[in-house]
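One-letter residues, chain by chain:
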Number of protein chains: 2
Amino acid sequence: MTHIEAIQQWLTKNQLDVAYVSAFPDIKYLTGFGSDPIERVLALFIFPEHEPFIFAPALEVEAVKETGWRFPVYGYLDHEDAFALITEYLNQCTTHPVKWAVQKDNLTLTRFATLKEHFPTMEVAADLTPVIEHERLYKTPEEIAKLEVAGKWADKAFEIGFSALANNRTEQDVAAEIEYELKKQGIMQMSFDTIVQSGANAADPHGAPKKDLIQPNSLCLFDLGVVSDGYISDASRTVAYGPVNDHLKEIYEICLEAQLTAQDAAKPGMTAAELDHIGRQVIEKAGYGEYFIHRLGHGMGQSEHEFPSIMEGNDMVLEPGMCFSIEPGIYIPGDAGVRIEDCVHITADGCAPFTHTPKELQTIPLR
Amino acid sequence: MTHIEAIQQWLTKNQLDVAYVSAFPDIKYLTGFGSDPIERVLALFIFPEHEPFIFAPALEVEAVKETGWRFPVYGYLDHEDAFALITEYLNQCTTHPVKWAVQKDNLTLTRFATLKEHFPTMEVAADLTPVIEHERLYKTPEEIAKLEVAGKWADKAFEIGFSALANNRTEQDVAAEIEYELKKQGIMQMSFDTIVQSGANAADPHGAPKKDLIQPNSLCLFDLGVVSDGYISDASRTVAYGPVNDHLKEIYEICLEAQLTAQDAAKPGMTAAELDHIGRQVIEKAGYGEYFIHRLGHGMGQSEHEFPSIMEGNDMVLEPGMCFSIEPGIYIPGDAGVRIEDCVHITADGCAPFTHTPKELQTIPLR
C-alpha cells in the first residue's frame, strides 16, 4: 500500500470528503515531488474514491511529471487566482466537499479564510497532521537503506573535516572545505549548514562557524549531514585539535558515556522520555546537568525535524523503524562545548546507527 | 523611529492590546535576531505601552542577547509548556489582552487553538501581516547600502562561475566552485542554492544543477546570490560557452531587450503590473510569449520573497525605496533557456541596480 492509499483508506474509514495536504515536506513524502515555492500555492488533494491531484505553479509542472507522478497535476500562472482554479478541479473530483481533513499545524488563518470563501459549507472535520506524522514515523527497509547511504556520506564528511584542521584555517574555511569536497563528489545539498566550532565557540549549540582560527589544544565540534536521494544524515563529533587538558578530557568522557549509555539502551518498548532520562542522568550525576540544555534527540528521515522527539514528557513508545538522533552535549559558556551524535533506527531488539566514525576522543596532530 | 516603535504606534492608534509576531523572518527584521527553530516556539510580543519581549528556546537566549536586543528575552526548555510560560510573561505586560493583532498569513490553526485555550477572551482584532509587509516595503538608505554590498558579491560570483566553465566540468562542479570560492572569502551563506544550467537544462526555470557536463556551443544560465550582513543579492546571467547559433543569439537578444526595456522604464508612480507588461510585451511581440512562464520579478531585501511582486494584476504603485528583481526569461523545453536578472531599487526618478555584471551576450572561450 502506498502512503497515499493509506490516507485514502483513512478518509473512507472516517467518512471524510477530501484531504488537503498543504505542508511542502509532506507533499514530498507522499508524492516524491519536493519543492518550496514559498508564497506560491503548492497543494495535494486526496479523496476517498477519486484519484488525487497536485496543484502547482506552472513552472513546476514539468518537474512534477519527471518524478513519475502518475495522477493529474494542474498548473497555474502567477497572476491567476489559485483557489478559484482549485475549486474548479475539486468540484470535478467530489461534489460539495463538506468534511475536510486539513493540516492544522500548517494551515494558516489566511489560507483557511480563503478556503471558507470558496467552500462556505466546509467543516474542518479532522486534523491530517497526526495522520501523516504517524505514517512518517515508521521507516520502511527501503527508507532505512537510503538513510544508511546518507550516513556514509556524513562519515566521509568527518574525514574531510578532521584532515582540514590547521592553525592557519578558520572555522568557516573548514566548513567550506567539507561542503566543497562533497559537492565535487556529487552531494549537492547538506541537510543543514555545516557546523564547525572551536574552543569556546562550541559552547553555543546553535551557533554557526565563525571567522575565528581553529584553536590549538582545544576541542573542535563538527555537526553535519547531507541529503542523499531525499533522505538526510545528521551526526556530530568533537575532536581534540592537539593535546588537551584534563578538564576538557573529562567533559568529553562524560558526554561520551552519556551517548554510549543511551545508544546501548535504546530498544523497542521503552518510551522516548525514558531514553532521554538514561542519557541525561549520566551527565547530571557527573555534575554537568545544567550544561546540557536541549533534548537528547529528534526524529529524522527526509528531514531532521520528524518524530519521535526524545525528551522529557514524551511517552511515545519506541518501535522498530523509528529513526532519531542521540546527541547529548555539554556546553560551558566561555570555555568549551562537546556534542557527540549518531542517528539510529530502532531494530527488533535494540538500535543501529547510520554513522560509524569512531567516538573515542581523537586527537588530531597540530599543523 | 525603530520598526518596533512603528508597530507600537499602530497598536495605540488602533486600540489593540498586543501584537504577536510569529513569522521568523519578521522577528529577524524587527529585532535583528534571525533563527529558524522549526517546530520550537520563537515569538515576539509587542505592546502599545509596555516594552516588548522575545520568547525563545533556551539554547538561543545567548544568541539573542549577542545581537544587542535591549529588552527582555525569556527562554524555555524543550520539555516545558511554551504557551503556559508565554501566558505568564504576557500577563506581566498587559492585563487580560483581548484585542490581538496576529500574522494571519503565518499563524496556524493549531497555534491559534492553543492561544484560545490560554486566552479564552482573545479576539483576532487585526491582521499584522500587511502592517509588517508595508514596513518592510520601504528600504532605508542603510538597507540599500547593505543590498549594494550583497550585489557586489553576486558580481564576484559570476566572475568565478564564468571562469570555471570547461568541457570536463559538470553544472554541479561549477556551482560548487562558486560557493567554495565565496566561502573562502567569508561569504558563508548563499541566498538560495546556486543555479548553473547548461543547454536544454536551462529550460527548467526552477531546476537545480545536474551531473551533466557543461555543453559546448550552448547557453549557460547562472542564477545566484549571497547573504551579506542579513541582506541578500539575487541575479541571473546567461552566457554563451563557445560560439552559439543564430537561434540562441536571437532568444538571448529578445530576453535582453525585455530586461533593458523594463529596467529603463521602472520609476516611481507606475504600477507593478504596468512594469510587468512593459517587459512581457517585448517577448510577446517577438513571438516567444508562451515561453515566459513566470512573473517579471519579486520583491527582495532580507529575503527574496518580499514585496512588491512585479506581475499582472498587481496595482501597487512603485515608490522610492522599493526593491525587486527584473528577470524576464525564455524557456524552450528540450532546447534552451535564457534569464537575465538584476535586482534594483526605485530612486527619485528611475531605478538603480545592485549588480553590474555586463548584460550583453558574453562568449566564454571553449576549454
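Every chain begins its residue count from 1, and numbering advances along the sequence as written. Key to labels: chains lettered from A, ligands numbered from 1, both in the order written. The model is predicted, so local features are restricted to residues of pLDDT at least 70 and side-chain atom pairs to those at 80 or more, both for listing and for counting; the totals for chains, interfaces and linings are taken over all residues.

J.: For this particular structure, what's the right way to read the interface of chain A and chain B?
T.: Often, the extent of an interface is quoted as the loss of accessible area on bringing the components together. Listed as interface residues are 40 residues of chain A and, on the opposing side, 40 residues of chain B. The numbering of helices and of strands both runs from the N terminus, where a helix is a DSSP run of H or I of at least 4 residues and a strand a run of E of at least 2. Elements with a contribution of two residues or more to the side of chain A that touches chain B: helix H3 (61-66), helix H5 (109-118) and helix H8 (171-184) of chain A. Here the side of chain A that touches chain B gets six residues from one element, more than from any other, and that element is H8(A). In the side of chain A that touches chain B, the residues fall into 15 nonpolar, 11 polar and 14 charged. In this description, a residue-residue contact is defined by the distance between C-beta atoms placed from the backbone, which must lie within 7 Å. Residues are grouped as follows: Ala, Val, Leu, Ile, Met, Phe, Trp, Tyr, Cys and Pro are nonpolar; Asp, Glu, Lys and Arg are charged; all remaining types, including Gly, are polar.

J.: Any chance you could explain unusual backbone geometry here in plain terms?
T.: Glycine aside, a negative phi is what most residues show, and trans is what most peptide bonds show. Cis geometry marks the peptide bond from Phe307(A) to Pro308(A); its omega dihedral reads 0 degrees. One non-glycine residue, His96(A), adopts positive backbone phi at about 50 degrees. Note on His96(A): 10 C-beta atoms within 10 Å, which makes it exposed. If you check the backbone angles, Asp229(B) has positive phi at about 55 degrees while not being a glycine. Here a residue counts as buried when 20 or more other C-beta atoms sit within 10 Å of its C-beta, as exposed when there are 12 or fewer, and as partly exposed otherwise, the C-beta atoms being derived from the backbone. With 10 C-beta atoms packed within 10 Å, Asp229(B) lands in the exposed category.

J.: Looking at this structure, how should I read the sheet that holds strand S2 (residues 43-46) of chain B?
T.: Each strand in a sheet pairs with its neighbour through backbone hydrogen bonds, running either in the same direction (parallel) or in the opposite one (antiparallel). Residues and elements named next belong to chain B. Note: two strands are recorded as paired if DSSP finds a minimum of 2 bridges between them. A sheet is described by the order of its strands in space; here six strands give the open sequence S4-S3-S2-S1-S5-S6, paired in mixed fashion. The sheet is open, and its two edges are formed by strand S4 (73-76) and strand S6 (123-127), each paired on a single side. Neighbour to neighbour, the strand axes of the sheet diverge by 25 degrees on average, direction disregarded. Where strand S3 (residues 53-57) lies against S4, four bridges are found, and the strand directions are parallel. A fitted line through C-alpha atoms serves as each axis, taken over the contacting stretch for helices, and the angle formed by two N-to-C directions is quoted from 0 to 180°.

J.: Please clarify how the environment of Phe354(B) should be interpreted in this entry.
T.: Among the structural elements, Phe354(B) can be located in the loop between strand S18 (351-353) and strand S19 (363-364). In this structure, Phe354(B) is in contact with Leu147(B), Glu148(B), Ala150(B), Gly151(B), Ser233(B), Asp342(B), Cys343(B) and Val344(B), ignoring residues within four places of it in sequence.

J.: Got a minute to help me understand helix H8 (residues 171-184) of chain B in this structure?
T.: Every α-helix carries 3.6 residues per turn, so stepping three or four residues along brings you back to the same face. Expected helix span is computed as 1.5 Å times (number of residues minus one). In this model H8(B) runs 20 Å from its N-terminal to its C-terminal C-alpha over 14 residues, within 8% of the 20 Å that 1.5 Å per residue would give. Of the surrounding elements, those touching the buried residues of H8(B) are H8 of chain A together with helix H7 (141-164), strand S7 (195-198) and strand S8 (218-224) of chain B. Gly186(B) sits one or two residues past H8(B) and shows a positive phi near 100 degrees.

J.: Could you clarify how one ought to interpret the sheet that holds S8(B) in this entry?
T.: All names here are of chain B. If you trace the four strands from one edge of the open sheet to the other, you get S7-S8-S11-S19, paired in mixed fashion. Each edge of the open sheet is held by one strand with a lone partner, namely S7 and S19. Alignment of S7 against S8, held across four bridges, turns out to be antiparallel. Each bridged residue has a counterpart across the sheet, and for valine 196 the counterpart in S8 is phenylalanine 222. Those strands touched by H7 are S7, S8, strand S11 (235-241) and S19, and its axis lies near 145 degrees from that of S8.

J.: Is there a simple way to think about the relation of the copies chain A and chain B in this case?
T.: Least squares is the method for superposing the copies, and the C-alpha atoms it fits come from residues with pLDDT of at least 70 in both. For these two chains of identical sequence, chain A goes onto chain B by a turn of 180 degrees and a shift of 0.0 Å along the axis, with RMSD 0.0 Å. Here the copies are linked by what is in effect a two-fold axis. Closest to the rotation axis within chain A is the C-alpha of Thr108(A), separated from it by 2.1 Å.

J.: Which parts of the structure should I look at to understand the environment of Pro48(B)?
T.: Residue and element names in this part refer to chain B. Residue placement: proline 48 occurs in the loop between S2 and S3. Between the C-alpha atom of proline 48 and that of alanine 157, which follows or precedes it by 109 residues, the distance is 45 Å. Here proline 48 is in contact with Gln8, Leu11, Thr12 and Leu16, once residues within four sequence places are set aside.

J.: Any chance you could explain the domain arrangement of chain A here in plain terms?
T.: All names here are of chain A. Note: domain ranges come from an automatic or database domain assignment. Taken as a whole, chain A is organised into domain 1 (3-137) and domain 2 (141-364). Taken together, the contact pairs seven residues of domain 1 with eight residues of domain 2. For the side of domain 1 that touches domain 2, the secondary structure elements donating two or more residues are helix H2 (24-31) and helix H6 (129-137).

J.: How do you make sense of the environment of Thr347(A) when you look at a structure like this?
T.: Residues and elements named next belong to chain A. Relative to the elements of secondary structure, threonine 347 occurs in the loop between strand S17 (342-346) and strand S18 (351-353). A count of 14 C-beta atoms within 10 Å places threonine 347 in the partly exposed class. Once the C-alpha coordinates of threonine 347 and methionine 322 are considered, the two residues, 25 residues apart in sequence, prove to be 8.4 Å apart.

J.: Before we go on, may I ask you to explain the packing of H7(B) against H8(B) in this structure?
T.: Residue and element names in this part refer to chain B. It is the contact of H7 with H8, at a shortest axis distance of 9 Å, that shows an interaxial angle of 135 degrees. Relative to H8, the element H7 is oriented oblique. By crossing handedness, the relation of H7 to H8 is classed as right-handed. Across from Trp153, Ala157, Ile160, Gly161 and Ala164 in H7, the residues of H8 making contact are Val174, Glu177, Ile178, Glu181 and Leu182. In terms of residue class, the contact of H7 with H8 is built from seven nonpolar, one polar and two charged. The scheme is simple: roughly parallel for angles under 35 degrees, roughly antiparallel for over 145, roughly perpendicular for 65 to 115, oblique for anything else. By definition, any crossing whose near helix is turned counterclockwise from its far helix by less than a right angle is left-handed, and any crossing with a clockwise turn is right-handed.

J.: What should I look at first to understand the confidence of the model for chain A in this one?
T.: Regions with low pLDDT carry predicted coordinates that are not meant to be interpreted in detail. On average, chain A scores 95 in pLDDT, and the residues at 70 or more come to 100%. Overall fold confidence for the complex sits at a pTM of 0.84, while the interface term, ipTM, reaches 0.83. Residue-level confidence of the predictor, termed pLDDT, takes values from 0 up to 100.

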